[in-house]
Amino acid sequence: MRTVEQLSEDLGGLSGRTVLVRSDLNVPLDGSTITDDGRVRASVPTIDGLREQGARVVVCAHLGRPKGSPDPAYSLAPVAARLGELLEQDGRGGTVSFVEETVGERAAAAVAALDDGDVLVLENLRFHPGETAKADEDRADFARQLADLADAFVSDGFGVVHRAQASVYDVARLLPHAAGGLVRSEVEVMRALREDPQRPYAVVLGGAKVSDKLGVIESLISVADRLLVGGGMVFTFLKAQGHEVGTSLLEEDQVDTVKGYLDTAAERGVEIVLPTDIVVADAFSADAAHEVVAADAMPADRMGLDIGPDSQELFAQRLADARTVFWNGPMGAFEMAPFADGTRAVAAALVERTREGAMTVVGGGDSAAAVREFGYAEDDFGHISTGGGASLEYLEGKDLPGLSVLEDA
Ligand code: ADP
Ligand code: MG
């Protein structure tokens, strides 16, 4: 992958050049309040580096899942404001502005008004149907309009490099391009995990949907020494073992696949660690009545919302000698205080491993938000990835379109 330095050399410097940067600014919002600005912070160094070189920086990103047309609930305006605050903290000068359009006359005028060192944030890319269009020509058409705004492209949104979308993939084919520092550092960490993890290598998986993570489970069974499973996906595992899971999240159509994984893991000597107790509640709500039950004795009318205290101890114990830990997906519905303890326990176990010199990686938007909410700092972990799906697909060994498109200079 070409670096920004190489791109700059190719173009005879970046001063006065307009550089389109694809960032990942997909942050959790409560109304228009950002509840975790980790991704915005992670985007700053690349943008800052470009404007330091005198580039005119046009930042593009998506937020949430609007349906291909403008929807004020998903406006990037509050995120652009936060980015502006962070960029202004370094006192480098230059303006940071926002335009309520992705491509079009207003966007073009705003780009034309930029001075060297200025930053412009475009409106949510997914307000335009071309961004995620299935038809190649629709995506290419939107990418062409984005490319027309700039002289070069820097791909820095690691969280989206597994998507063949207009601003990630198609636009890189139209402009001189480079991988930004964030993408490069994320790839470096993930490559080490994929190619040469120190052992024992333990992987903790949680989160809502098994089907999102099936591919990675399958490939990790041949790479990791231990797989610890919690979160909403665990109920498909418990069901595969023949247990009652009540009204918990369950992907009935994945039960057989999961049975197959349990068999394969047993054959290969990979240890699968499942919770022994579960916090069950009578509703998906912070004030629902809840109690701890054995994982093989869940009442039919309750839903599992976290792993229980015995499981927290078990998970900590199965992580205690790991030299490498990769964690993706919360152990429970941690957004609600009564169901956050399992996630908190896993976070604490990783922090402990980091202190003892193990390599620890947290991947996934919600997992990263959880560890920050618990008050941990970036350096309590070896690496906090900005990308959930992307890091999982990379670990699976998949070809990520947003990375491979950067290979051919
Ligand atoms: P990440 O963003 O870290 O990759 P996911 O998006 O896969 O994680 O999953 C996060 C979501 O999973 C959280 O919103 C959390 O509330 C939910 N979750 C975890 N455990 C459960 C559970 N037992 N029941 C329902 N939802 C759960
Ligand atoms: Mg998530």
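Positions within a chain are numbered from 1, following the residues in the order the chain's sequence is written. Chain letters and ligand numbers both follow the written order, the letters beginning at A and the numbers at 1. Local features in a predicted model are, by the rule used here, given only for residues with pLDDT of at least 70; side-chain atom pairs are given and counted only at 80 or more, and totals for whole chains, interfaces and linings are based on all residues. The side-chain quantities take in all heavy atoms of the structure and omit both hydrogens and water.

S.K.: In this structure, what is going on with the site of ligand 1? I would like to understand it.
M.R.: In the vicinity of ligand 1 lie 20 residues, with Lys-213, Gly-304, Glu-335, Asp-366 and Ser-367 positioned nearest. Taking Ala-208, its main chain carries an N or O atom lying 3.2 Å from an oxygen atom of ligand 1. Side-chain atoms alone can form a polar contact between residues adjacent in sequence; in general such a contact is a pair of N or O atoms within 3.5 Å, and within protein one must be able to donate a hydrogen while the other accepts it. Contact between ligand 1 and Lys-213: an oxygen atom at 2.8 Å from a side-chain N or O atom of the residue. Only the protein chains shown count as cover for residues, and all accessible areas are computed by the Shrake-Rupley method using a 1.4 Å probe. When ligand 1 is considered free in solution it has 580 Å² of accessible area, and contact with the protein chains removes 84% of it. The cutoff for a nearby residue is simple: one of its non-hydrogen atoms must lie within 4 Å of the molecule or strand.

S.K.: Would you mind showing me how to read the packing of aromatic side chains here?
M.R.: Two numbers describe a pair of aromatic rings. These are the distance of the centres and the angle of the planes. Working definition: a ring pair exists when centres of Phe, Tyr or Trp rings (six-membered ring for Trp) sit within 6.5 Å. Plane angles under 30 degrees give stacked, over 60 give edge-to-face, the rest tilted. Under the counting rule described, the total for this entry stands at one aromatic pair. We call a charge positioned above a ring when the Lys NZ or Arg CZ atom is no farther than 6 Å from the ring centre and deviates by at most 35 degrees from the ring normal. Over the ring of Tyr-394 we find Arg-194; its NZ or CZ atom is 4.1 Å from the centre of that ring.

S.K.: It is not clear to me how the sheet that holds strand S16 (residues 359-363) should be interpreted in this structure. Could you clarify?
M.R.: Consider a sheet: its strands pair through backbone hydrogen bonds, and that pairing is either parallel or antiparallel. Any two strands with at least two DSSP-identified bridges between them are counted as paired. Working definition: helices are DSSP H or I runs of at least four residues, strands are E runs of at least two. Numbering for both runs from the N terminus. Ordered by their spatial adjacency, six strands build an open sheet running S11-S10-S9-S15-S16-S17, and the pairing between neighbours is parallel. In the strand order of this sheet, the two ends are held by strand S11 (271-273) and strand S17 (383-384), each with one partner. As defined by bridge partners, S16 adjoins S17 across two bridges and the pair is classed as parallel. In the sheet register, Val-362 faces S17, and the bridge partner there is Ile-384. In the packing of helix H7 (residues 210-220) onto the sheet, the strands contacted are strand S9 (201-205), strand S10 (226-229) and strand S15 (324-328), and the crossing angle to S9 comes to about 160°. Contacts: residue pairs with any heavy atoms within 4.5 Å of one another. All axes here are fitted lines through C-alpha atoms, helices being fitted over the stretch that makes contact, and every angle between N-to-C directions spans 0 to 180 degrees. Where helix H11 (residues 341-355) meets the sheet, it contacts S9, S15 and S16, and its direction lies at approximately 155° from that of S15.

S.K.: What exactly am I supposed to notice about the environment of Asp-301 here?
M.R.: Position of Asp-301 relative to the elements: it lies in the loop between strand S13 (290-294) and strand S14 (303-307). A residue is classified by how much of its surface remains accessible, and Asp-301, at 55% relative accessible area, is exposed. Separated by 158 residues in the primary sequence, Asp-301 and Ala-143 place their C-alpha atoms 50 Å from one another. Only protein chains enter the accessibility calculation, which uses a 1.4 Å probe; a residue is then buried when its area is under 20% of its type maximum, exposed when over 50%, and partly exposed in between.

S.K.: What is the right way to read the sheet that holds strand S8 (residues 177-179) from this model?
M.R.: What the six strands build is an open sheet, ordered S5-S6-S4-S1-S7-S8; its pairing is parallel. At either margin of the open sheet sits one strand with a lone partner, and together these are strand S5 (96-99) and S8. Adjacent strand axes in the sheet meet at a mean angle of 25°, parallel and antiparallel pairs treated alike. As defined by bridge partners, S5 adjoins strand S6 (residues 119-122) across four bridges and the pair is classed as parallel. Within S6, the position partnered with Phe-98 by the bridge is Val-121. Running over the sheet, helix H3 (residues 77-89) touches S5 and S6 and is turned about 170° from S5.

S.K.: Explain the side chain of Asp-170 to me, please; I cannot follow it from the model alone.
M.R.: Its place among the elements puts Asp-170 in the loop between strand S7 (152-155) and S8. For Asp-170, a relative accessible area of 7% corresponds to the buried category. If sequence neighbours within four positions are ignored, Asp-170 has contacts with Arg-139, Ala-140, Ala-143, Ala-164 and Gln-165.

S.K.: Can you help me understand the pattern of salt bridges in this one?
M.R.: Opposite charge on two side chains permits them to pair, given that their charged atoms come into close proximity. Any Lys or Arg side-chain nitrogen located within 4 Å of an Asp or Glu carboxyl oxygen qualifies as a salt bridge. A full pass over the atoms with the stated rule returns 23 salt bridges. We note a salt bridge from Glu-101 to Arg-106, for which the minimum N-O separation is 3.7 Å. Assessed through its relative accessible area of 49%, Arg-106 is described here as partly exposed. Of the charged contacts in the structure, one is a salt bridge between Glu-271 and Arg-318, with a shortest N-O distance of 2.7 Å. Here Arg-318 lies in helix H10 (residues 309-319) and Glu-271 lies in strand S11, a separation of 47 residues in the sequence. According to the relative accessible area criterion, Glu-271 is partly exposed, its value standing at 29%. Connected via shared salt-bridge partners are Asp-37, Arg-41, Arg-82 and Glu-85.

S.K.: Help me understand the environment of Val-58 in this model?
M.R.: Here Val-58 is to be found in strand S4 (residues 56-60). Remark: the alpha-carbon pair of Val-58 and Ala-265, spanning 207 residues in sequence, is separated by 47 Å. Among all residues touching Val-58, those that are not within four sequence positions of it are Thr-18, Val-19, Leu-20, Val-21, Val-111, Leu-114, Leu-120 and Leu-122.

S.K.: Can you walk me through the side chain of Glu-123 in this structure?
M.R.: As for its position among the elements, Glu-123 is in the loop between S6 and helix H5 (136-147). Summary of buried charges: Glu-123 has no salt-bridge partner, and the nearest side chain of opposite charge, Arg-106, is 8.5 Å away. Discounting residues that sit within four places of it in the chain, Glu-123 has contacts with Ala-61, Tyr-74, Ser-75, Leu-76, Ala-77, Phe-98, Val-99, Glu-100, Glu-101 and Thr-102. In this tally, Asp and Glu contribute negative charge and Lys and Arg positive charge; neither His nor the terminal groups of the chain are included.

S.K.: Just checking my understanding: could you explain a positive patch on the surface for this structure?
M.R.: In this analysis, a patch consists of residues with relative accessible area above 30% that form no salt bridge, clustered at 9 Å for like charges and at 5 Å for the nonpolar side chains Val, Leu, Ile, Met, Phe, Trp and Tyr. Where a charge lies is defined by one atom per residue type, namely NZ (Lys), CZ (Arg), CG (Asp) and CD (Glu). Taken together, the side chains of Arg-65, Lys-67, Arg-163 and Lys-209 make up a positively charged region of the molecular surface. Here Lys-209 shows up in the loop between S9 and H7.

Take it as geometry only, folks, not as evidence of what the structure does.
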